[in-house]
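The chain contents come next:
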Amino acid sequence: MRALALLATLAACKSREAEDKQAPTLPVEVVRDGGPPLDAAPRVWPELDKLPLEQPLRVITLPAKTNVPRFDVGGPAVLGDLAVVASSQLGFAAVDWRRGTLAWTKASGPHVAPPVVRDGSFVLIGECLTPPQVPAANLLLGCLRVVTPPGEDQAYVAIHGKQAAVEAFAAEPGPQRVFVDGDKLRWVRGETAVSIDPLSGVATPATVEPPPIVVEHGGKRWDIAQENGKIVARQKGKVAWQTEHEVGAVLGSVWLPDQRPMIRSASISGRYGSPEVRLLDVDATGSLNGTAAWTPVPGIALLGQAISPVGDVALAVRLDRSIKRDFIAAYAANALLIYVYPLPHVMRPDPVGVAIALDDEGAPEAVVVFHDGDLVTVLPTVSSPPTAPGAASKPSQNPTP
């Protein structure tokens, strides 16, 4: 067994070296500081005219191989100065979002999964360029690489599982998500998922539902998730409370000074005429008292979302069925709409990745957006002014999003 393990390790190292040699680090092609996208000037869409419009701090174009099909895109996963993104056309790339430079790249096959941050490092999952050996009865699903912020490899393992248990996952073409789930990783594809041991790479079937939002307040704890469209809170496995009606996307928890924690969701409704996206907050402790954002934004779908530890939210919103008019809407923790920003006016079949970058104290510093396979747009902070009612600059507790 020790000999087999040694051979597997050597094979993985050789595979990793081959991948790195096939995709050297390339320089960023274009960095534009400030100003709107070239093909989406402000106020070109009448629906956004009455909303506060913002300009990006910078727009970074990555060196994508446009002659390669863009099967998958993912990210950004943000840690400190770095935002790691993934695309079939570039593999994995770490961008220094503060300076607009490319820090490092890692090669992958044509299929990639969204990167995540775990224990101070980046976890990258993608198709193996050189398939490593796995046990005969197992099916190879991909390769997992753990990379430190400076770009050094900490681990490189093959993801594999018993063929009968994981073949449905391997054949699933649906949208992908990756979650950190305790000491394991959960990789979701469409309506199937596997749980991955990051040390051995062994994968087993798992639920597709994300880990619950954990809220602790007043000596009590609630595990909160979305079930059958409703928000359901459990205490010690039993239902403590749930919403009467279904909601849209559950975003996370909101922590404002001198207030009970809330659970924030974004719902799309056409009850007032044109479809609009509105933030809804409900008391996480069980009173079911709720509030809605004063300023909704027009839109028919969410393409991506991110939430800060205190509840600031950035949403990627699809404006209409043209699939060419999408924008970012940034809300502070107190549900104040801070700004909107129109993305380039192009055909956009891919999801839009959104993340909120935090400073050293955990307060929002910028919104980082990955879109169109090769563009990273950095937008200003999403927090409301300190004088605004209910403004929060850092978490009053340490909620688990």
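None of these values were measured; they are calculated from a predicted model.

Criteria and thresholds
- Residues numbered from 1 in each chain as written.
- Predicted model: local features only at pLDDT ≥ 70, side-chain atom pairs only at ≥ 80, totals over all residues.
- Heavy atoms only, no water.
- Helix = DSSP H or I, 4+ residues; strand = E, 2+ residues; numbered from the N terminus.
- Buried < 20%, exposed > 50% of the residue type's maximum accessible area, 1.4 Å probe, protein only.
- Contact = heavy atoms within 4.5 Å.
- Core = buried A, V, L, I, M, F, W, Y, C linked by side-chain atoms within 4.5 Å.
- Phe/Tyr/Trp six-rings, centres within 6.5 Å; stacked < 30°, edge-to-face > 60°.

1. Regarding the environment of V208
Then comes step 1: Along the chain, V208 turns up in the loop between β14 (203-205) and β15 (213-217).
Then comes step 2: For V208, a relative accessible area of 15% translates into the label buried.
Then comes step 3: Counting along the chain gives 17 residues from V208 to E191, while the straight-line C-alpha distance between them is 6.4 Å.
Then comes step 4: Beyond its immediate sequence surroundings of up to four residues, V208 is in contact with R177, F179, R186, V188, G190, E191, T192 and A193.

2. Notes on the nonpolar core
Then comes step 1: The biggest cluster of nonpolar side chains holds 19 residues, and the ones touching the most others in it are V297, L315, F327, A329 and Y331.
Then comes step 2: Elements with a minimum of two residues in this core: β21 (276-283), β25 (313-318), β26 (326-331) and β27 (337-342).
Then comes step 3: Sequence-distant contacts of Y331, defined by excluding residues within four places in its chain, comprise V277, L279, A293, T295, P296, V297, D312, V313, L336, L337, I338 and V382.

3. Describing the packing of aromatic side chains
Then comes step 1: Per the stated rule, a full pass over the model turns up two aromatic pairs.
Then comes step 2: Relative to W187, the ring of F169 lies with its centre 5.0 Å away and its plane at 75°, an arrangement referred to as edge-to-face. Residue F169 is found in helix α2 (residues 163-171), and its partner W187 is found in strand β12 (residues 184-189); the two are separated by 18 residues along the sequence. Of the two residues examined, F169 and W187, each falls in the buried class.

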